[in-house]
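Residue-level listing of the chains:
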Amino acid sequence: MAAKRAGAAMTGLVVFAGVMLVITGLVNVFEGFVALFNDERLVITPEHFVVVDLTGWGWVLLISGLLLLAAGCGVLAAQSWARITAIILVGLHAVLQILSLGAYPVWSLLMVALDIAVLYALTSGWGEARDRIGRRSEDAAWDGQQGNTQPSATEERVPPMA
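Residues numbered from 1 in each chain as written. Predicted model: local features only at pLDDT ≥ 70, side-chain atom pairs only at ≥ 80, totals over all residues. Heavy atoms only, no water.

Description of the overall build of the chain
- A count of helical and extended segments in the chain gives six helices and zero strands.
- Counted from the first residue to the last, the chain has its helices and strands arranged as α-α-α-α-α-α.
- Across the 162 residues in the chain, those meeting the buried criterion constitute 35%.
- Once local pairs closer than 6 in sequence are excluded, the contacts in the chain between residues at least 24 apart make up 73%.
- Accessible surface, the chain as shown: approximately 10100 Å² in total, 68% of it carbon and sulfur. (Helix = DSSP H or I, 4+ residues; strand = E, 2+ residues; numbered from the N terminus. Buried < 20%, exposed > 50% of the residue type's maximum accessible area, 1.4 Å probe, protein only. Contact = heavy atoms within 4.5 Å. Areas by Shrake-Rupley, 256 points an atom, 1.4 Å probe, with all protein chains shown as cover.)

Some thoughts on the nonpolar core
- Of all hydrophobic cores here, the largest spans 14 residues; its most connected members are L21, V75, A86, V118 and L122.
- Taken together, the elements giving at least two residues each to this core come down to α1 (2-37), α2 (54-76), α3 (80-99) and α4 (105-123).
- The residues contacting V118, other than those within four sequence positions of it, are A17, M20, L21 and V90. (Core = buried A, V, L, I, M, F, W, Y, C linked by side-chain atoms within 4.5 Å.)

A few points about a nonpolar patch on the surface
- A cluster of nonpolar side chains, V15, V19, I23 and L76, forms an exposed patch at the surface whose accessible area comes to about 270 Å².
- For the nonpolar patch, the element with the most residues is α1, which contributes three residues.
- You can see I23 is positioned in helix α1. (Patch = residues over 30% accessible without salt bridge, like charges linked within 9 Å, V, L, I, M, F, W, Y side chains within 5 Å. Salt bridge = Lys/Arg side-chain N within 4 Å of Asp/Glu carboxyl O.)

Details of α2
- In this model, α2 (23 residues) spans 32 Å end to end at C-alpha, consistent with the 33 Å of a helix rising 1.5 Å per residue.
- Among all positions in α2, only L54, W57, G58, L61, L62, S64, G65, L68, A71, G72, G74 and V75 are buried.
- Just downstream of α2, A78 is the residue with a positive phi angle, here 65°. (Expected span 1.5 Å × (residues − 1).)

Considerations on the packing of aromatic side chains
- Evaluated as defined, the whole model comprises one aromatic pair.
- A ring pair is formed by F33 and F37, whose centres lie 5.8 Å apart and whose planes are at 15°; its orientation type is stacked. Here F37 and F33 lie together in helix α1, a separation of four residues that amounts to about one turn.
- When its relative accessible area of 38% is taken as the criterion, F33 is described as partly exposed.
- Residue classification places F37 among the exposed positions, given a relative accessible area of 67%. (Phe/Tyr/Trp six-rings, centres within 6.5 Å; stacked < 30°, edge-to-face > 60°.)

Everything listed here is a matter of geometry and, on its own, says nothing about what the molecule does.
See below:
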């Protein structure tokens with residue numbers, strides 16, 4: 001029973017990691033577009049920011065955001081390639097946040113802490129979580145035969161639960 005709960009907890013952590021990857025990717029894409037198209041909205045002074053070229057920083061944020069978004073969707077689909085890719089991308093994302101530590105100290109530290117939590121979720125107990133997520137998606141898959149079956153006599157007499 002304890003093993004079943006531990007497997008469910010690990011599955012929850014992997015789903016958490018996938019959702020956080022998607023959200024972080026979307027935030028990075030948004031910040032990348034702001035840096036590219038409306039750079040006077042950014043509150044960055046060159047003396048507090050390691051990377052001075054805001055256009056280049058915008059492209060880095062946009063591309064990393066799209067990659068994080070794709071990896072997050074892959075993790076939610078229980079793909080092993082997405083897990084490995086996400087581990088690499090989250091590590092790089094933590095480094096990018098350290099580069100912006102002087103400009104956004106609180107935000108950067110919170111993002112590094114979130115990256116550490118996501119790394120933990122992706123590196124601990126992946127095998128069982130992948131099997132549980134994969135099994136659920138196979139159970140939910142439509143095989144084309146569900147609409148052709150006739151209900152049994154017992155199923156016809158039981159009223160649906162509201």
